[in-house]
Amino acid sequence: MAAACWCRCRGSDYRTWNMSIDEVPSNNTAGSCSSGVGPFTVQGPDGNLGAEEAGRASSLTLNYRKKLRAPICVKLTVFICLAVMVASGVPELVLWKKVHQQLVGQIEHRLMVLSTLRQEQLQDYLLSEADKTQLIAIRIVISNYLNNVSTGNKTLAKLDLQMAISVISDFMNAAVYDSKGHLVLETEENVFQPRIEEASINTVVQEIPNLQYPVETSNGWMYTLSRGIHKGQKLIGQLMVSVNATKLVSLVYDRTGLQETGELLVGIPDGPDKIRLLLPAMQKPNVIVLPYKGAMAKAINGESGILKERNYRGARVIAAYRPAGFLHWGLLAQMEIKEAYASVWSVRLVILVTFSALLFVGALASLGLAKAFTSPIIELGKAAFALGQGDMRTRVKKGSSCFHDEFSNLKDAFNGMAHRIASHQYILEHEVSERTSDLAHAHDGLAREVEERKRIELELEKAKDIAMAADRSKSEFLANMSHEIRTPLNAIINFTELCLDTQITQEQQEHLEYVQFAAQHLLRLITDILDFNKIAAGKLEMEEIQFSLYEQLEQSLSVLAARAWKSGLELCCDIHADVPDQLLGDPGRLLQIFVNLVGNGIKFTKKGEVIVSVTVNSKSADDVELLFAVKDSGLGIPQTKQSLLFQAFSQVDSSTQRLYGGTGLGLAISSKLAAAMGGRMWVESEGVEGLGSTFSFTGRFKLFPSNSSMNFLMFKGVRALVVDDNSTGLRILTDLLKSWNIIADGVMTTEAAKSALELGESSGHKYNVVLLDMWLGGVEALDLVEYIRARPDLLQKYASDAEVNTLYPVEPDSDLALPSAHCLSQQCSSKSTPDRLRYGPNLKVEIYTKDNVSSAIIMLTSVNHMESSRCKELGLPFHTSKPIRRSLLNRVLRSALGFEDKMSHDEGKTSKESKKLNKRLHVLIAEDNPVNQRVAIKLLHKWGHTTVLAVDGAEAVERSAKEEFDIILMDVTFKRAYNGRQ
């Protein structure tokens, strides 16, 4: 323990010496300075004190501080903690009881509502199927044939049964048995048994059909419905129908509202002690039989309610049970208790955490209150001790003037005493010494600062060199790694494509498609990283080649059409008529921007459409500035987050990356590419889901003289009806046809299309072709197709002007005017046209019949190949996929209107040129990578070419000297050197 000693030395100077009490001589009350500067005295409040008394005073000060703090802190802490526990614990306990009761009630109510809803859906489905069988069972032709099998017309009855089954989508096959159990009619052979027990026929109830348990077959889930066929009150036979159980399975296995562990069970009594499940349990498919007890037994007995029990897996569940409303079936909706009551336990945890937090805050408050009382006393004790040690600058801090109390008065008195002790001479000497020390420190600091700046300059120069070297190393590393990664990725993609062209199963094809998709996605990520690195290094190069803007846009949409179809989205491309087609620029980079923007639109849009539009922003004699826009109806982007979109490695929300994936580089790269094209990119969004976002960018391209191969004059006078339930797609397609000189009208529903066709017939302006979307309002457009087939006179075959002149030759000097092709297609009846031309014997304009009217219908399908097969099944020869490709639509229109013969001469020229291009080539492959060797050989052999392999440059030179090749495919570098060079 130290004491403060004031040493009076020569020159009446006062210095402070700190020394231990143990160092003070015990036999000398005054002592002497150990440094030899002279005698000293230890001064106390009443004069001179010995070292022993000074040490005792310091010890008392420290002991006083320790004893003062502990009791007050402990007492206040315990008191406030108890008050907090009582004040917060009782309300939180009451709150927990009420919240627990309310949440449990909500959970049970939700399960009951869910079970009621599912019971109604199941009952509606079963009764609907029963009504369908009743409609077939009461058909007069079938009943008359069963009433007199020997003399009845079996062919007519079978045809009637087949027609009845064909109009019901869920019914696959049907058979009719007579009252003896013999098979008399069937829609497809070898599907049903030739005979059934007569006793089973007598058990069939007229009002309710018998339903056999669903069975999973190669064609999906199926079950059989049986219903009696009556003539009056007499049972004359039995109808047996094979039904597709897909809707029933999706209804029972629908887990909406049941979270992860919930499921729906439908039970049927199977004896006195067993319950047979209608469909296997979702959580454990091998379970199809349950014991006759618990909630399911209560549901079968006609009861409904909530029950907690253990399910077939031994897990505790909460179950809502009720009768299924069909025969004596029972319905059970159950969830595991630990998942169902998760919200209850979360509330309990929140209450416990809140209680702990309040208790902790109370403890902190008690400590703070204790400190408020003890800190002034402790501070005064420390200041007194510091003064005793010789620190004359020690002062006690004053509190706020708003809270002036007894402690403040004590502090003021103490500070006044300390101020009077410090003499003017001491203050002066202290200031001189401090200034001298400051000057010395300033000089030393200035010297150190100069040396530090020199050192920093050297380090900056070294860091600059290191950074440049690191940048070069990074670029080389990225280039090498890109090459090393692309090589196996290209092998994976190409070999997967080769495998897909072989005879494989559907499951293998699906797996290989997933492998191909993952490899292509990884390849895109590598490309994004390399592009970003090139942009950051300022090494991005833009090509300037001729390309077709229309084909480039349609190609980018075709790449993403499958993704849009799987997401249930409409993908449209709206190119204004004044936008030029042939341009000079970089089509690859433009495709990269569109694939990124359209891909983002599809990714973040749950329903609706993604529209790509192109307009002219400005145009001169040599170049044009185009405005591109990609609009979606997706999530939307808040305005506060839009500034982050075009920054690298940033996304609107961190959860977006976890949910949708992505690196955050796509928009940053696209923005830089747009700038490289002489434009800019921006986004417009209100941040509201459903209104979506619009990404726009501009680009400047040079114009190229256009030599379009499409001849739109041949379509002059053609009348077309477009039927599409999407208003945007309808508008775009109608405007496109009008730009081709086609008179086009658009409707959105089947009824509106029928009205338009009838109006065209009655007004003499019949349509020549119908462009029909395959799905209208979510329903297949088969009704309209059958309507047109039933009334082929609603459409008129198109006849061109050349065909009219052939049919009606007129002398050169004749003043009789021939009707135009447009007039013939509209069946003009103008009085100015002579009857010889309008009704003469040469007038042989072809009309459609039921057999060939399907050729006037062009079906608009999605990219799903199943829809193309469906068109073939419906007997529709012409179809094209959406989004519409102009060249393909042009060819399909020409075929539907009968222009094939007119184009045969041009196509003959094209075929000759294509034969030249399809010549078999003899190819030399110079490649040292085994994987690339295998890929190149396989692909070239697949395309019909012959190959020769060289594993390095020397062998390539040798082989090219020995034999002649049409083309040489050579790697850039080889592992083995040729003449000392790579």
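So, how was this worked out
Residues numbered from 1 in each chain as written. Predicted model: local features only at pLDDT ≥ 70, side-chain atom pairs only at ≥ 80, totals over all residues. Heavy atoms only, no water. UniProt positions renumbered as here; feature names shortened; annotations may be inferred. Helix = DSSP H or I, 4+ residues; strand = E, 2+ residues; numbered from the N terminus. Buried < 20%, exposed > 50% of the residue type's maximum accessible area, 1.4 Å probe, protein only. Contact = heavy atoms within 4.5 Å. Pairing = 2+ DSSP bridges. Axes fitted to C-alpha atoms, helices over the stretch in contact; angles between N-to-C directions. Phe/Tyr/Trp six-rings, centres within 6.5 Å; stacked < 30°, edge-to-face > 60°. Lys NZ or Arg CZ within 6 Å of the ring centre and 35° of its normal. Polar contact = N/O pair within 3.5 Å; in protein donor to acceptor, adjacent residues only side chain to side chain. Expected span 1.5 Å × (residues − 1). Core = buried A, V, L, I, M, F, W, Y, C linked by side-chain atoms within 4.5 Å. Right-handed = clockwise from strand over helix to strand, strands pointing away. pLDDT = per-residue confidence, 0-100. Salt bridge = Lys/Arg side-chain N within 4 Å of Asp/Glu carboxyl O.

For the protein, an unreviewed UniProt entry supplies the name histidine kinase and the organism Ceratopteris richardii. As stated in UniProt under Catalytic activity (unreviewed entry), the record for the protein gives "ATP + protein L-histidine = ADP + protein N-phospho-L-histidine."

A tally of regular secondary structure across the protein gives 26 helices and 33 strands. A total of 982 residues make up the protein; the buried ones form 40% of that total. Look at the contacts in the protein between residues 6 or more apart in sequence, and 63% of them connect residues 24 or more apart.

Annotation from UniProt places "transmembrane region" (unreviewed entry) at residues 345-370. Along residues 345-370 one finds 100% helix and 0% strand; the C-alpha atoms at either end are 37 Å apart.

Another point: the sheet that holds strand E31 (residues 922-926). With respect to topology, three strands assemble into an open sheet ordered E32-E31-E33, the strand pairing being parallel. Two strands in the sheet have a free side with no partner beyond their single neighbour: strand E32 (946-950) and strand E33 (967-970). Across the sheet, the mean angle separating the axes of adjacent strands is 20° when strand polarity is ignored. Two strands pair when backbone bridges link them, and E31 and E33 are joined in this way by four bridges, in the parallel orientation. Across the sheet, residue Ala926 finds its bridge partner in E33, namely Met970. With respect to the sheet, helix H25 (residues 930-942) is in contact with E31, E32 and E33, its orientation differing from that of E32 by roughly 165°.

This part is about the packing of aromatic side chains. Evaluation of the coordinates by the stated rule reveals six aromatic pairs. Centroid distance Phe547 to Phe701: 6.1 Å. Interplanar angle 70°. Geometry classified as edge-to-face. Of this pair, Phe547 sits in strand E17 (residues 545-548) while Phe701 sits in strand E23 (residues 693-703), placing them 154 residues apart in sequence. With a relative accessible area of 2%, Phe701 lands in the buried category. Taking 6.3 Å as the distance between ring centres and 90° as the angle between the ring planes, the aromatic pair formed by Phe628 and Phe701 counts as edge-to-face. Highlighted residues: Phe628 in strand E21 (residues 623-632) and Phe701 in strand E23, separated in sequence by 73 residues. The same class applies to Phe628 and to Phe701, which are both buried. Three or more aromatic residues joined by ring pairs form one cluster here, namely Phe547, Phe594, Phe628, Phe697 and Phe701. Lying over the aromatic face of Tyr767, Arg719 brings its terminal NZ or CZ to 5.2 Å of the ring centre. Geometry around Tyr550 places Arg886 over its ring, the cationic atom sitting 4.4 Å from the centre.

It is worth spelling out the side chain of Asp170 at this point. With respect to the secondary-structure elements, Asp170 resides in the loop between helix H3 (154-166) and strand E5 (171-178). Looking at Asp170, its side chain comes within polar contact range of the side chain of Lys247, at 3.5 Å. Those residues within four positions of Asp170 in sequence are excluded, and the remaining contacts are Glu129, Lys132, Ser242, Val243, Asn244 and Lys247.

Here helix H17 (residues 750-763) is 14 residues long and its end C-alpha atoms lie 20 Å apart, about the 20 Å a rise of 1.5 Å per residue gives. Buried residues along H17 sit in contact with strand E24 (719-723), strand E25 (743-747), strand E26 (769-773), strand E27 (775-776) and helix H18 (782-790). For H17, the side-chain oxygen to backbone nitrogen distance between the N-cap and Ala752 is 3.2 Å, and the N-cap itself is Thr749. Positive backbone phi, at 80°, marks Gly764, one or two positions downstream of H17.

This next bit is on unusual backbone geometry. Of note, the bond from Lys882 into Pro883 is cis; its omega dihedral lies within 30 degrees of zero at 5°. Along the polypeptide, Pro883 turns up in the loop between strand E30 (878-881) and helix H23 (886-897). Of note, the phi angle at Gln259 is positive, near 60°, even though the residue is not glycine. Following the sequence through the fold, Gln259 ends up in the loop between helix H5 (246-252) and strand E11 (263-269).

Turning to the environment of Ser633, a few remarks are in order. Of note, Ser633 is situated in the loop between E21 and helix H14 (654-660). On the basis of relative accessible area, Ser633 is assigned to the buried category, the value being 18%. Between the alpha carbons of Ser633 and Val610 there is a distance of 6.8 Å; along the sequence they are 23 residues apart. Setting aside residues no more than four positions away along its own chain, Ser633 makes contact with Thr605, Lys607, Gly608, Glu609, Gly690, Leu691 and Gly692. At 3.0 Å, the side chain of Ser633 and the backbone oxygen of Lys607 are in polar contact.

This brings us to helix H15 (residues 666-676). By the criterion of burial, H15 is predominantly enclosed, with eight of the eleven residues buried. Among the residues of H15, Gly666, Leu667, Ala668, Ile669, Ser670, Ser671, Leu673 and Ala674 are the ones counted as buried. Once H15 finishes, Gly678 follows within two positions and takes phi at roughly 80°, a positive value.

Moving on, we get to the nonpolar core. Here is a general trend for soluble globular proteins: nonpolar side chains tend to be buried in one another's company. Formed by 59 residues in total, the largest nonpolar core has its most connected members in Ile136, Leu161, Val176, Leu239 and Trp329. It is helix H1 (residues 51-137) that contributes the most residues to this core, 13 residues altogether. Those residues in contact with Trp329 that sit more than four places away from it in its chain are Leu126, Leu211, Val266, Gly267, Ile268, Leu278, Ala299, Ile300, Pro323 and Ala324.

Here we have five strands laid out as an open sheet, ordered E25-E24-E26-E29-E30, and parallel in their pairing. Taken across any chain shown, the strands that pair with only one partner, and hence form the sheet edges, are E25 and E30. Averaged over all pairs of adjacent strands, the angle between their axes in this sheet comes to 20°, without regard to strand direction. Across four bridges, the pairing between E26 and strand E29 (residues 857-861) is parallel. Each residue of the ladder has a partner; that of Asp773, found in E29, is Leu860. Docked against the sheet, helix H16 (residues 727-739) engages E24, E25, E26 and E29, running at close to 170° with respect to E25. Of the strands in this sheet, E24, E25 and E26 are in contact with H17, which crosses E24 at around 165°.

Moving on, we come to the pairing of E31. Most of E31 sits inside the fold, with four of its five residues counted as buried. As judged from the five bridges shared by E31 and E32, these two strands associate in the parallel manner. Paired with Ala926 across the bridge in E32 is Ala950. Considered for its hand, the β-α-β crossover made up of E31, H25 and E32 is right-handed.

Further remarks concern the confidence of the model for the protein. With 77% of its residues at a pLDDT of 70 or more, the protein shows a mean pLDDT of 76. Counted against residues more than four places away or in other chains, residues 655-660, with its pLDDT under 50, gives nine contacts. Every residue in residues 901-914 scores below 50 in pLDDT, and together they form four contacts with partners more than four places removed in sequence or on other chains.

Under the defined criterion, the tally for this structure stands at 27 salt bridges. With a shortest N-O distance of 2.8 Å, Glu336 and Arg313 are connected by a salt bridge. Taken together, the positions of Glu336 in strand E16 (residues 330-336) and Arg313 in the loop between strand E14 (305-310) and strand E15 (316-323) put the pair 23 residues apart, joining distant regions of the chain. On the basis of relative accessibility, which here comes to 8%, the residue Glu336 falls in the buried class.

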